[in-house]
Amino acid sequence: MKVDRIRLLNFKCYGDADLELDRGVTVVHGVNGSGKSTLLEGVFFALYGSKALADRTLDDVITTGEEESEIELWFTHDGRAYHVERHLKLRGDRATTTKCVLETPTESIEGARDVRREVTTLLRMDAEAFVNCAYVRQGEVNKLIHASPSDRQDMIDDLLQLGALEEYRERASDARLGVKTVLDGQREVLENVRQQVEEKEDGDLHDRLNALESRNAELTKELDNYETQREQARETFETANDVLERHAETREEIEELDEEIDDFRSKISETERQREDAHEEIREKSDRREELDDEREALLSDVDLDVDRNVNSDDGDDGDDTEDADGSTLEAVESRTETLEDRDDELRDDLEDVRVEITETNSDIERLRDDASDLESQAETAREDAEDLASKLETDKDAIEEREEKLDELDGKIETERERFSEPETATPPQSVSDSDGLSIALGDAEAALEALEADREDLTDKIGDITADIRTIENAIEEGETLLEEGKCPECGQSVEDSPHVDVLSEKRDELAERRETLEERETEREALDERIERVESLREAERQVDRLEENRDNIARLLEEKRETISDRREQREQLRADAEEYEADAEDKRERADELEESVDSLRGDLGEINGERSEIREMLERLSRVVDVETERSELASGIETLRERRDDWQTMNDERRETLSGKRERKRDLESEFDDERVETARQDKRDAEDYLEKVDAKLEDLREARTEVQNEIGAVERELEELEELRDRVKAVEARCERLQSLYDEAETLQATYADLRAELRQHNVETLDRLLNETFELVYQNDSYAGIDLDGEYRLTVYQKDGEALEPEQLSGGERALFNLSLRCAIYRLLAEGVEGAAPMPPLILDEPTVFLDSGHITQLVSLVESMREHGVEQIVVVSHDEELVGAADSLVRVRKDATSNRSRLERGRPPEIDLLVSD
Ligand SMILES: Nc1ncnc2c1ncn2[C@@H]1O[C@H](COP(=O)(O)OP(=O)(O)OP(=O)(O)O)[C@@H](O)[C@H]1O
Ligand SMILES: [Zn+2]
């Protein structure tokens, strides 16, 4: 086998590494911790998966901090190309294999277990065998030497496939022992069964069976005999028992008859008692009826009814007549009652009428009296009103006088005011008022005159305003001109005085001012005069208004006076009328009172009628009560009569019933006498004796029969037992035959297993002997190569894989006694010998995995490293296709065909692989 290429992704310290490997010797080189061992582990893991991890788990393999890892290996084996691919994934803190595929030239195998099984078959070694033979792991250089001989034997046997033979041998031995156990068991069984057969044959079973059967026949005969006799006794018993039973039944019937007779007797006397009671009741009812007859008679005479009053209640034969008499009495009572009730109804109506009349008359009286007093008060009111009117007439007369005086006074006042208008007006300057030429103002013109005067005054005021404004303008112009003149300039145009044409204008203006002031004064005087006049005319206008008011006043008073005069004559008429009315009212009232007194007398006579009616009605009521009592009495009498009748009938019924009972009673007495004469005591006594005897016999014969039956069952059981034993004997004989056959078969099986076991043991011993011899030869060849210059002569490997080293002086040494370096080399020699043995094979050459050595130089000095190099060389010469040596030691590189340098990137902490060539190695050596 040859590893062609390995690719690692996130495998431990490798981020992404891809390396191709050649045939021949490859040295993997690098400093501590750079990832050399990991590369080899990668190859191992690719082949065997988790089995390659020893005590570690899948998650250790995934680069810390990463989730997934991928490992791919391409290799050639026996001339055929293979490819393994494994993917791992972290789930939580556990890693699982998510993909595992082995591609062979013919098929593709999936699943970690199937892939491992295929690899194991292909390389003919499992993971353990791989590390024991091809792959010398770091620190395991002394593995084979330190192992005990038996462990070593196991290891080497396993490598040489001898372990399987041992396993087969053991299985054969187990089978043999198993068969032996079964066989022994069966032999024991056989012995046992044979003994049983013998015992049974000794028992003389057929004779016993014959004796038992004749005994059985005897017992059956005896049983039949007793059973016939028993049947006869049973019959006797039953006959006697019948007689006794019949006797008992008769006794019972007699007793029942006694009871019935007693019962009838007591019933008869009970009914007699009831008859007696009924008789008593009839008597009581008759007494009561007599009492009622008396009462009836008295009542009928009271109400004076024409009916038969004498009724003889004692005589039963008169019952029908009495009923007829009662019927006619009731009819008479009824018609009388009806008549009385009709009369009472009439009286009640009359009573009602009289009452209504009294009430109505009373209300008439009351109304008449009310009317009379109303009229009286009306008369009084009319008189009072007449008095009032008389006093009002006095007042009115006074008021008329007063108003006439007031009228005269107003006429005087009006005259005074009128006189003012005839006075002459005070003189005023004629020029000041343009349109005022009249000196007096007529009554009624004052208002218009005043308006004209006020309009004049307004005009005047406007004119005064205009003049005042002119004066102010002229004054300003004069002032300005004076200033300019002082500056030597023309006051009109502002030019220098010499050239100005307007210098004398100032004096003109002063003249104009004086003129205007004069005019102003005149106008103001004029206005004062006008004001005075306005004042006078205003007072005239006031007088004018006063006259209007007074005249209006005077007219009102005159009108009122007229009205008053009319009122006075009306009132006088009214007063006369009222007085006449009052007299009339008084006369009417007198009439009404007289009428009321008359009505009062008629009410008194009506009250008398009322008393009479009530008296008659109470008499009627008494009579009706008596009549109703007559009805009650009649009813009770007829009830009593029918009660008596019923009781008499019932007594007759009871009489008949008792007669019947007496007849039945004598019948029962007859029957009792008959029954008593039926049985004689002797017959009963004989039956009793017979029954007792039969019972005794039956008891005894039953016991005897029971005994016989038991004895017969016992004998029959014994017969059954003997028959069963005979059957068993037959079965046992069959069984002996069967067990004998089985033992024979087991014996032959046991012999076969024994032969097989021996064959496997022989085969293994033979093969081991052969292997040991070959291994010993190969080992000595290698040993000579490694220790040719040292003091060791040779090495011996015995059949039990015990190793002994011989010095040149012939002294023997245990491998443990060698130095550390010697032991390492010795072990490597042993490993190489085993590898060669396997490679060359027991029967012809077999393809082997590469020889992988991880740090084999640890315990070696430089001289021995040279010897290691020659060991490696010799292996190559012996035809090992591919050797991979890991070492950080540079001395080994001399033997290398190619070099792989492993370096760890300090920043990313990931390892990288580089392929180097021998010239580089020279450089490294020269360092
Ligand atoms: N799961 C992992 N992820 C990342 N790095 C890891 C993981 N497992 C191991 N390592 C690291 O891999 C590195 C390589 O170890 P390895 O044994 O291959 O080194 P080496 O080159 O054989 O060294 P030496 O010469 O000492 O034997 C170690 O530094 C270790 O810390
Ligand atoms: Zn000028």
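Residues numbered from 1 in each chain as written. Chains lettered and ligands numbered in written order. Predicted model: local features only at pLDDT ≥ 70, side-chain atom pairs only at ≥ 80, totals over all residues. Heavy atoms only, no water.

Q: Got a minute to help me understand the packing of aromatic side chains in this structure?
A: The geometry of an aromatic ring pair is captured by the separation of the ring centres together with the interplanar angle, meaning the angle of the planes. Applying the stated criterion across every chain yields a total of 10 aromatic pairs. Three or more aromatic residues joined by ring pairs make a cluster, and in this case those are F44, Y48, F130 and Y135. Geometry around W74 places R5 over its ring, the cationic atom sitting 3.9 Å from the centre. For the cation-ring pair, R86 lies above F45, with the distance from its terminal atom to the ring centre recorded as 5.8 Å. (Phe/Tyr/Trp six-rings, centres within 6.5 Å; stacked < 30°, edge-to-face > 60°. Lys NZ or Arg CZ within 6 Å of the ring centre and 35° of its normal.)

Q: Just checking my understanding: could you explain the UniProt feature "binding site: ATP" (unreviewed entry) in the protein chain for this structure?
A: In the UniProt entry, the feature "binding site: ATP" (unreviewed entry) is given for K12, N32, G33, S34, G35, K36, S37, T38 and Q138. Taking relative accessible area as the criterion, G33 reaches 56% and is therefore assigned exposed. With respect to the helices and strands, the residue S37 is situated in helix α1 (residues 36-48). Of the residues examined, S37 reaches a relative accessible area of 18% and is grouped as buried. If we skip the residues at most four places from it in the chain, S37 touches Y135, Q138 and D854. (UniProt positions renumbered as here; feature names shortened; annotations may be inferred. Buried < 20%, exposed > 50% of the residue type's maximum accessible area, 1.4 Å probe, protein only. Helix = DSSP H or I, 4+ residues; strand = E, 2+ residues; numbered from the N terminus. Contact = heavy atoms within 4.5 Å.)

Q: Whenever I open this one, the site of ligand 1 confuses me. Can you help?
A: The full set close to ligand 1 counts 17 residues, and G33, G35, K36, S37 and T38 are the nearest of them. One of the backbone nitrogen or oxygen atoms of D60 is found 2.9 Å away from a nitrogen atom of ligand 1. Within the backbone of T64, a nitrogen or oxygen atom sits 3.1 Å from a nitrogen atom of ligand 1. Protein burial of ligand 1: of its 660 Å² of free accessible surface, 70% is covered by the chains. (Near = heavy atom within 4 Å. Polar contact = N/O pair within 3.5 Å; in protein donor to acceptor, adjacent residues only side chain to side chain. Areas by Shrake-Rupley, 256 points an atom, 1.4 Å probe, with all protein chains shown as cover.)

Q: Sorry, what's going on with the sheet that holds strand β9 (residues 792-797) here?
A: Two pairing modes exist for strands in a sheet, parallel and antiparallel, and in both the strands are linked by backbone hydrogen bonds. Taken in spatial order, the three strands of this open sheet run β9-β10-β11, and their pairing is antiparallel. With one partner strand each, in any of the chains shown, β9 and β11 (812-813) form the two edges of the open sheet. In this structure, β9 lies alongside strand β10 (residues 803-807), joined through five bridges in antiparallel fashion. For L797, the partnering residue across the bridge sits in β10 and is L803. (Pairing = 2+ DSSP bridges.)

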